[in-house]
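A look at the structure
The residues making up each chain are set out below.
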Amino acid sequence: MPHTTTHLLYLHGFRSSPRSAKARQMADWMAAHRPDVQFWCPQLPPSPRDAMALVARGIADWPADRMAVVGSSLGGFYASWVAQHKPGCASVLLNPAVDPARDLERYIGQQTAWHDPSEQFYFRPGYIAELRALEVRTLPAAGPELAIIAKGDELLDWREMAARYASARVVLLEGGDHALSDFAEHIGTVVAFCGLDARPA
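Quick notes on the rules
- Throughout this document, residue positions are counted from 1 along each chain, in the order its sequence is written.
- With the structure being a predicted model, the display of local features is reserved for residues of pLDDT at least 70 and the display and counting of side-chain atom pairs for 80 or more, all residues being used for whole-chain, interface and lining totals.
- For the side-chain quantities, the full set of heavy atoms in the structure was used; hydrogens and water were omitted.
- Basic side-chain nitrogens of Lys or Arg form a salt bridge, by our definition, when they fall within 4 Å of a carboxyl oxygen of Asp or Glu.
- Numbered from the N terminus, helices here are DSSP runs of H or I no shorter than four residues, and strands are runs of E no shorter than two.
- Throughout this description, buried means an accessible area under 20% of the type-specific maximum (1.4 Å probe, protein chains only), exposed means over 50%, and partly exposed covers the range between.
- Throughout, a residue-residue contact means that at least one pair of heavy atoms, one from each residue, lies within 4.5 Å.
- The term disulfide is used for any two cysteine sulfur atoms that are within 2.5 Å.
- Distance and chemistry together define a polar contact, namely a pair of N or O atoms within 3.5 Å, with one atom able to donate a hydrogen and the other to accept it when in protein, and with adjacent residues in sequence counting only for side-chain atoms on both sides.
- Every axis corresponds to a line fitted to the C-alpha atoms, with the helix fit spanning only the stretch in contact, and the corresponding angles, defined between N-to-C directions, vary from 0 to 180 degrees.
- By definition in this entry, angles of less than 35 degrees are roughly parallel, angles greater than 145 are roughly antiparallel, angles of 65 to 115 are roughly perpendicular, and the rest are oblique.
- Helix crossings fall into two classes, left-handed where the near helix is turned counterclockwise from the far one by less than a right angle and right-handed where it is turned clockwise.

On to the pattern of salt bridges. Taken as a whole, this structure holds 10 salt bridges when the rule is applied. Its salt-bridge partner being Asp 99, residue Arg 137 comes within 3.3 Å of it at the nearest N-O pair. Pair noted here: Arg 137 is in the loop between helix H5 (126-133) and strand S7 (145-150) and Asp 99 is in the loop between strand S4 (90-94) and helix H4 (100-103), with a separation of 38 residues, a long-range link. Using a relative accessible area of 16% as the deciding quantity, one classes Asp 99 as buried. A salt bridge links Lys 151 to Glu 174; the shortest N-O distance between them is 3.0 Å. Here Lys 151 is found in the loop between S7 and helix H6 (158-164), whereas its partner Glu 174 is found in the loop between strand S8 (169-173) and helix H7 (187-193), with 23 residues between them in sequence. The partly exposed category is assigned to Lys 151, whose relative accessible area is 28%. The network of salt bridges with shared partners includes Asp 99, Arg 102, Asp 103, Glu 135, Arg 137 and Glu 160.

Here's what the structure looks like:
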């Protein structure tokens, strides 16, 4: 039976925001086709611990078996953490970060937001330990998983992503990029996996 979703969470990636192309496309699709479903795409703080505390508070009363989470890059790493804490929750991972504690060490220091360079934040050394504390890759999946992975990802190794989510349903894209610039072509796959097919007007 398909997963039926009444609540959908979208988690953006590092230096990103709810203004990212994928987040906006997802929000627009939900507003147009499934306004009956509660959709939440929070601006995540730089601290991984604070980010997940914010999310945990926001979804505390969401029904695990009727919610889904979509996460991009670092948001994919976070999405897997969320799914472990809401057993039965479906998760969709878009070019998900597998080992952000390793990969983000080189970004310690002052950073700018992708969508507004005037917005700056400091990525603290202590955030690396916070990322390690959120690691769940040794645990079996607690709910249905779909991973959409682009072989052309210029930031993350598609082989590492595919290996991390070997037990998931994997859509492996030839070419593509880290941002999944062709995400509009894949929204149908995402919403169908979550049981969110468009309803007739």
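So, next bit.
The next point concerns the environment of Val 190. Structurally, Val 190 is set in helix H7. Counting along the chain gives 180 residues from Val 190 to Tyr 10, while the straight-line C-alpha distance between them is 12 Å. What Val 190 contacts, discounting residues up to four positions off in sequence, is Met 26, Val 70, Val 92, Leu 146, Ile 148 and Phe 183.

Attention shifts here to the state of the cysteines. Disulfide: a covalent bond formed between the sulfur atoms of two cysteine residues. By the definition in use, this model includes 0 disulfides. The thiol of Cys 41 is not disulfide-bonded; the next cysteine sulfur, from Cys 194, is found 14 Å away. With relative accessibility at 16%, the residue Cys 41 sits in the buried group.

Within the secondary structure, His 178 is located in the loop between S8 and H7. At 2.9 Å, the side chain of His 178 forms a polar contact with the side chain of Ser 73.

Packing of helix H2 (residues 48-58) against helix H3 (residues 74-85) brings their axes to within 11 Å, and their N-to-C directions diverge by 50°. With respect to H3, the element H2 is oriented oblique. Pair H2 / H3 crosses with right-handed handedness. Together, Pro 48, Ala 51, Met 52 and Val 55 of H2 and Tyr 78, Trp 81 and Val 82 of H3 make up the contact between the two elements.

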